[in-house]
Each structure stands twice: as structure tokens, then as C-alpha cells.
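# Understanding the architecture of this molecule
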Amino acid sequence: MSAFRLGLTGSIGMGKSTTAALFRDEGIPVWDADAAVHRLYAPGGAAVAPLAALCPAALRDGGIDRAALKDWIAADPGALARIEAVVHPLVAADRAAFLQAARADIVVLDIPLLFEKGSESEMDATLLVTAPPEVQRARVMARPGMTEAQFNAILARQMPDAEKRARATHIIETLDPESARAAVRALIAHIRKAAHA
Ligand SMILES: CC(C)(COP(=O)(O)OP(=O)(O)OC[C@H]1O[C@@H](n2cnc3c(N)ncnc32)[C@H](O)[C@@H]1O)[C@@H](O)C(=O)NCCC(=O)NCCS
Ligand SMILES: Nc1ncnc2c1ncn2[C@@H]1O[C@H](COP(=O)(O)OP(=O)(O)OP(=O)(O)O)[C@@H](O)[C@H]1O
């Protein structure tokens, strides 16, 4: 039987990575879309040659320099779509390999742009991690080098939290570690119970 696919998402600083770690603690395999892109861009990664062909300035030390890609995206309105046309099929292949290898009843797929990119149709359920806007802002602003302008620009590119809440199957508030852990355990139990009903 194939594993139940739980898509984990949430806006910047809402607690995706922290919550993914709570699932790993419970023995649930987690696939991380951002980590997959980093592997693809690293020396030897499958995206290096095709992206270097599109944007030679992005090739640095055998890997892809994200700052150079960002410069290209800023200068050319068509750049992101061309990058995505290379990266998305490779990300999809990485995810398919993970799903093929996973020996578990439930797997978590941590996908920051899950709702923005319409990937929810490929999930059995979605889990949104969220927190009040002032908590989100304080967490992100505490990161080294983050500015108010950068934070606002990132927020403007993401679907509003309220819209994500309306779309999600399940929601976990990441206000404190112990209640988030309890919520993760309860959700795993709920999914297992439904599978055996
Ligand atoms: C644009 C790049 C170089 C920026 O890299 P960087 O390390 O600075 O930032 P990071 O990846 O963490 O993203 C920063 C912000 O940009 C937004 N963003 C990233 N990729 C996309 C995208 N394809 N569409 C819309 N927004 C995006 C995210 O919401 C995020 O908040 C990088 O994100 C990239 O190569 N994106 C294209 C590949 C892709 O589609 N990735 C999404 C996961 S499949
Ligand atoms: N349940 C929780 N209780 C308390 N703090 C939390 C909880 N979950 C996350 N945090 C805190 O919120 C901050 C952001 O968490 P995390 O890095 O997991 O978010 P993220 O959604 O993965 O962020 P990004 O979108 O930037 O990748 C961290 O400082 C983390 O310690």
C-alpha cells in the first residue's frame, strides 16, 4: 500500500522546519522541497549544467550561485519561468524517488509553496503551520541580516496566511514546542485511525 502523503506548508517563519523535525521524531519520513533544490544546485547536482546553459554567470565553483540567479530574475521578467522549467521536473523526480524508497504508512512532504503552486492535488491531506502575524514578524526579524523591507517583499510574494488557513485540511499553531508536539502526535493518530476505519 502506498504511503499517506501529508503536505506540510506555511508562510515564512511559521515553523515548517521545526514541525518537520517533530514528525521525524515520531519516525515519519520527511521530504524537504527546499533541501531538494539545494542538492540540485550543489556541485554534481542535476540542475547545474542546464541552469549554467541558461545563465552562465550562475555557475560558481561547480555549483549554482543563487545570488546570480536572483540578479537574472530581477533583470529579466521571463527568467523565473525558465528556471522553473528546468528545476520543477528535477524536483518532481527527486520527490518520486523519495516516495518510491519510503517504507512507511505516512510520509510528510515539506513544500513552502504548496498552495501557491497547486501541489495540494498531489497530497492526501495538507497541514498548515501558522502563528499570529506579530509572532511571525518577530521570528523572521530576529534572523541575522533580515530587514523590514525584505520581510515585506517576501510576504507580498506568498499567499496570505488567512487564505492558506481556508484551504488547509489541518492546522497547527506553532506557539510552543510541547503543544506543537502533542498536535503532531494527535494528527498522526488521527490519520492512522482514518486509514483503518
Ligand atoms: C529564486 C532563488 C534563486 C532564490 O533563492 P534564495 O536562496 O535567495 O531564496 P529561497 O529559495 O529561500 O526563496 C526566497 C523566497 O522566494 C520565493 N520563491 C522561491 N522560488 C519561487 C518560485 N518558483 N515562485 C515564486 N516564489 C518563489 C519563496 O516564497 C521564498 O519566500 C531560488 O528560490 C530558486 O532558484 N527558485 C527557482 C526554483 C524553484 O521554483 N523553487 C521552488 C521550490 S520547487
Ligand atoms: N512550536 C513552536 N514553538 C515555539 N517556537 C517555534 C515553534 N515552531 C517554530 N518555532 C520558532 O519559529 C522560528 C521559525 O521556525 P522554522 O525555521 O521552523 O520556520 P519555517 O517555516 O521553516 O521558516 P522558513 O519559511 O523561513 O523556512 C524558529 O525560531 C523556531 O524556533
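Residues numbered from 1 in each chain as written. Chains lettered and ligands numbered in written order. Predicted model: local features only at pLDDT ≥ 70, side-chain atom pairs only at ≥ 80, totals over all residues. Heavy atoms only, no water.

## Quick look at the domain arrangement of the protein chain
Here is the rule: Domain delimitation in this document rests on an assignment produced automatically or drawn from a domain database. Any two residues whose heavy atoms approach within 4.5 Å are treated as being in contact. Any carboxyl oxygen of Asp or Glu within 4 Å of a side-chain nitrogen of Lys or Arg constitutes a salt bridge here. Only DSSP runs of H or I with at least four residues qualify as helices, and only runs of E with at least two residues qualify as strands; both kinds are numbered from the N terminus onward. Only Asp, Glu, Lys and Arg are considered charged, only Ala, Val, Leu, Ile, Met, Phe, Trp, Tyr, Cys and Pro nonpolar, and every remaining residue, Gly among them, polar.
Under the domain assignment, the protein chain is made up of domain 1 (1-29 + 106-197) and domain 2 (34-101). Each of domain 1 and domain 2 has a C-alpha centre, and the two are 24 Å apart. At the junction of the two partners, domain 1 supplies 10 residues and domain 2 supplies six residues. Note that Arg95 is salt-bridged to Glu122, the shortest N-O span being 2.1 Å. A per-element tally of the side of domain 1 that touches domain 2 places strand S5 (residues 106-110) first, with three residues. Residue composition of the side of domain 1 that touches domain 2, by class: seven nonpolar, no polar and three charged.

## Some words on the pairing of strand S1 (residues 4-9)
The condition that has to hold: Should DSSP find at least two bridges between two strands, the strands are regarded as paired.
Taken together, the five bridges between S1 and S5 define a ladder with parallel strand orientation. The partner of Leu6 across the bridge, within S5, is Val108. Summarising the sheet, S1 and strand S6 (residues 125-130) pair through four bridges and their orientation is parallel. By the bridge assignment, Leu6 is partnered in S6 with Ala125.

## Quick look at the sheet that holds strand S7 (residues 170-173)
The following threshold applies: Only C-alpha atoms enter the line fits that serve as axes; for helices the fit covers just the stretch in contact. Angles between N-to-C directions range over 0 to 180 degrees.
Judged by pairing direction, the sheet is parallel, and its five strands sit side by side in the order S2-S5-S1-S6-S7 without closing on themselves. The open sheet terminates on both sides in strands that have one partner only, identified here as strand S2 (30-32) and S7. On average, each strand axis in the sheet is tilted by 25° relative to the strand beside it, whichever way the strands run. Strand direction decides the pairing type here: S6 and S7, joined by four bridges, are parallel. In the strand pairing of S7, Val129 is matched with Ile172. Across the sheet, helix H5 (residues 79-101) lies against S1, S2 and S5, angled at about 160° from S5, the strand it touches most.

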